[in-house]
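The lines below spell out each chain.
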Amino acid sequence: MTTQPLNFLTDLSSIAQHNDHRYGVVLRGCDNWQDGVIQSYLVNNPELNAFQLGGATREGVNHIVINKGQQLLGRECQLLICDFRFEFDANSFSAALGSIMGGGLAIILPPEKHENPSIDQAWLTNNFAKLLQLDENLSLPELPEKERVEQISDKFSQQNHAIELILKVVSGHRKRPLVLTADRGRGKSSALGIATAQLLLMRSPFNVVVTAPSIKAVEPIFSHAQNLLKGAELEGKGTLKFGQSRVTFVAPDELLQTKPNCDLLLVDEAAAIPIPMLKKMVESYHRLVFSTTLHGYEGSGRGFGLKFESWLSKVRPNWKACSIEQPIRWSVNDPLENWLFDCFLLNVDINQGEQVLESGMRARLEATALELSSTQLSKQENGGHSQLISESLLWEKLPKAEFVTHPEKLKQCFALLVGAHYQTTPNDLMQILSNPSVELYALFNGQVCLGCILTVGEGGLSSDVIKDIQLGKRRPKGHLAPAVLANHLGFEESARSRCIRIMRIAVHPSYQNLGLGSLLLEHLSISLSDCDYLATSFGATSELVSFWKRNGFYPAHLGHQRDQASGCHSLLMVKSVQKKSQDWITNAVHHFEQSFLYLISSSLISLEPQMVKALLPKSSGLELSASEIGLLGYYVQGGNSFDSVAYLLVKAILLINSNGNDEISLLLISKVVQKKTWSQCIIEHDFTGRKQAESQVRLDVEKIICNLQCK
């Protein structure tokens, strides 16, 4: 029964080894037939190092549960069995495929076919059909051809070049950071680990600090370093000790708070760390290596490259770039890698819109973004799903039913989402396809996507569910904004009302800073018919807060814990769409402002001054009398103490903020609003002592007085 499939797999394995490629094979048939084929292949190849993702365990096979494929990072196998008969996880699958060596196979047991498949089921079926098919009831497919393999003189040449550049960061001039990028399977982590080991062997004592979104991400670096350092010992999970030298993992937020001394800072998966944090690392450390993965479940380095590297060119013009393109685990043009990128839209060219920059298009787009308003919509089609907002711009709610048969627009949008947001993953694509509450809106110029918004419908909850949320008994999945507002602020209306939460927003890199992001949000509001309020939740940076504020969103809740991946606090912002939501949103914003002023000097005291300034509330009717302003004037001239006017400075800062004035210094934010000690302010703002710090405070207060008197 399984002889022919067994012979096919044996021949395919031989071809894979010859080509140094990996192939995917889909087994279609009853469970017993599928399991029989796999068992026969395992029995005939007992020496195979085999892993299995999902399904029941098999003797002699390393088994990983369906959603834990990331556990295979850094490990290698020759056969990966993927059992998707009961469940599928795109992120886990994507990560697990990276463990297959060149010459290896992925055997896939696909989900059951449905007569009326959902969009995500149809998507997977279509893509699995592009792999080699072994069907219980059909003849065998054709085998791939043995390729004429061109021998690469040195498969590790690019990796070795990367290692040399890492070493040069330490031996060369200061302030010349290295940015290392690579797809998965190119040996990026190995290069970092090998270079680290070589540095510890050449110099002693030598201290390397490694930072990344999680300690799990850097385990391969520690592993490669330890393998080359005889006698090296791990101290716990985060420190490798070798003689008098150390390699230590420090989380990004802790790194910037404590600023530990080191001879080299390695920043791995840098695309997953907010750019403001990366900038602070550049300012604080003079010998750095940034590395990031371009594709895969980790996210994309494209947005990182476009934004961070352009800034780096200004402040560190002698920085170096290095890209490892040569695969190490398999040969170039690997069929399985190509299939994976195509299946989860990880290889769409984000630069395909560059051609539209010609003929004054940038100027026209800028004028359109500034001038168009809701009254200028000239045409509506498909029940408002498509809106022609100018001769060249089309706003559209993309019809999901067409994604499988006509995926071109989806591919463009997803390319923007991947490039703009480090956490956009294969699972996000599957959610777009599978979740009926998720919608995708986009702005097109001809065939080019200029920007898009991904939303999810939330709210409309029953009174019983809302009460359980308020009592902390329940957190219904898929209702992030209503649940946070009902639980932390007590507003039942927020959970009963219909909310559209903006999950992602992205603008094509060639058309950023033209106001198109605001234009997208404006037309989203126009497009919504059954919605009471908008919400958005994100890892807060001062730049992002300013963007959402400009577009009429108000902060409603700030998470107390920093996100492990971004190192930022999660901020929920809301905007009323219908008048009936305005009252409770006004109350929610007032609640946030009062709570924020208290918490920033207690549990949120570690919040960056820039973030405090961005979220600072208005004065709420506060006024300063002439005598109070006079008292502040005496302080400026050294006539009284800081403590005698501190309470007045809080009022003055809120008043200035109400006027939209930007004269509030970060030092005043730290000392007056966050109520930090003089010692803390001296360290945070790089003063030599209290005398210098307070002298600057008096100068900053003098500017505030001037603005209050000139109001």
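Reading guide: rules and limits
Chains are numbered independently. Their residues run from 1 in the order of the written sequence. Totals for whole chains, interfaces and linings use all residues, but because this is a predicted model, local features are given only for residues with pLDDT of at least 70 and pairs of side-chain atoms are given and counted only at 80 or more. Computation of side-chain values: all heavy atoms of the structure, hydrogens and water removed. In DSSP terms, a helix is any run of H or I states spanning at least four residues, a strand is any run of E spanning at least two, and both are numbered starting from the N terminus. Relative accessibility decides the category of a residue: with a 1.4 Å probe and only protein chains considered, values under 20% of the type maximum give buried, values over 50% give exposed, and everything between is partly exposed. The protein chains shown are the only cover counted for residues, whose accessible areas, like all others here, come from Shrake-Rupley with a 1.4 Å probe. Whether two residues touch is decided by their heavy atoms; if any such pair falls within 4.5 Å, the residues are in contact. Whenever a nitrogen or oxygen atom comes within 3.5 Å of another N or O atom, the pair is scored as a polar contact, on the condition that within protein one atom can donate a hydrogen and the other can accept it, and that pairs from neighbouring residues in sequence are kept only if both atoms are in side chains. Strands qualify as paired when DSSP identifies two bridges or more between them. Orientation is described by axes fitted as lines to C-alpha atoms, over the contacting stretch for helices, and by angles from 0 to 180 degrees between their N-to-C directions. UniProt positions are given in the numbering used here, feature names are shortened, and annotations may be inferred rather than shown by experiment.

1. Structural notes on the overall build of the chain
Of the regular secondary structure elements, the chain holds 26 helices and 23 strands. Burial status across the chain gives 54% buried among its 711 residues. Accessible surface, the chain: about 32100 Å² in total, of which carbon and sulfur atoms supply 47%.

2. Considerations on helix α3 (residues 90–97)
Where burial is concerned, most of α3 is hidden: eight out of the eight residues are buried. The complete set of buried residues in α3 reads A90, N91, S92, F93, S94, A95, A96 and L97. Of the surrounding elements, those touching the buried residues of α3 are β2 (50–53), β4 (77–83), β5 (100–109), α4 (119–128), α11 (335–343) and α14 (426–434). The backbone nitrogen of N91 has a side-chain oxygen 3.2 Å away, supplied by the residue at the start of α3, namely D89.

3. Some thoughts on the sheet that holds β4
Read from one edge of the open sheet, six strands run β3-β2-β4-β5-β1-β6, paired in parallel fashion. Whereas interior strands pair on both sides, the edge strands pair on one side only; in this sheet they are β3 (62–64) and β6 (132–135). Each strand of the sheet is rotated relative to its neighbour by a mean of 20°, with strand direction disregarded. Taken strand by strand, α3 contacts β2, β4 and β5, and its axis lies near 150° from that of β5.

4. Side note on the UniProt feature "binding site: acetyl-CoA" (unreviewed entry) in the chain
Cross-referencing UniProt, the feature "binding site: acetyl-CoA" (unreviewed entry) maps to I505, A506, V507, E543 and R550 in the present numbering. Following the sequence through the fold, I505 ends up in strand β20 (residues 498–507). Accessibility expressed as a relative area gives 24% for I505, which makes it partly exposed. When neighbours within four sequence positions are excluded, I505 is seen to be in contact with C452, I453, G517, L520, L521, F547 and W548. Locating A506 in the fold gives a position in strand β20. Among the residues examined, A506 registers a relative accessible area of 2% and is labelled buried.

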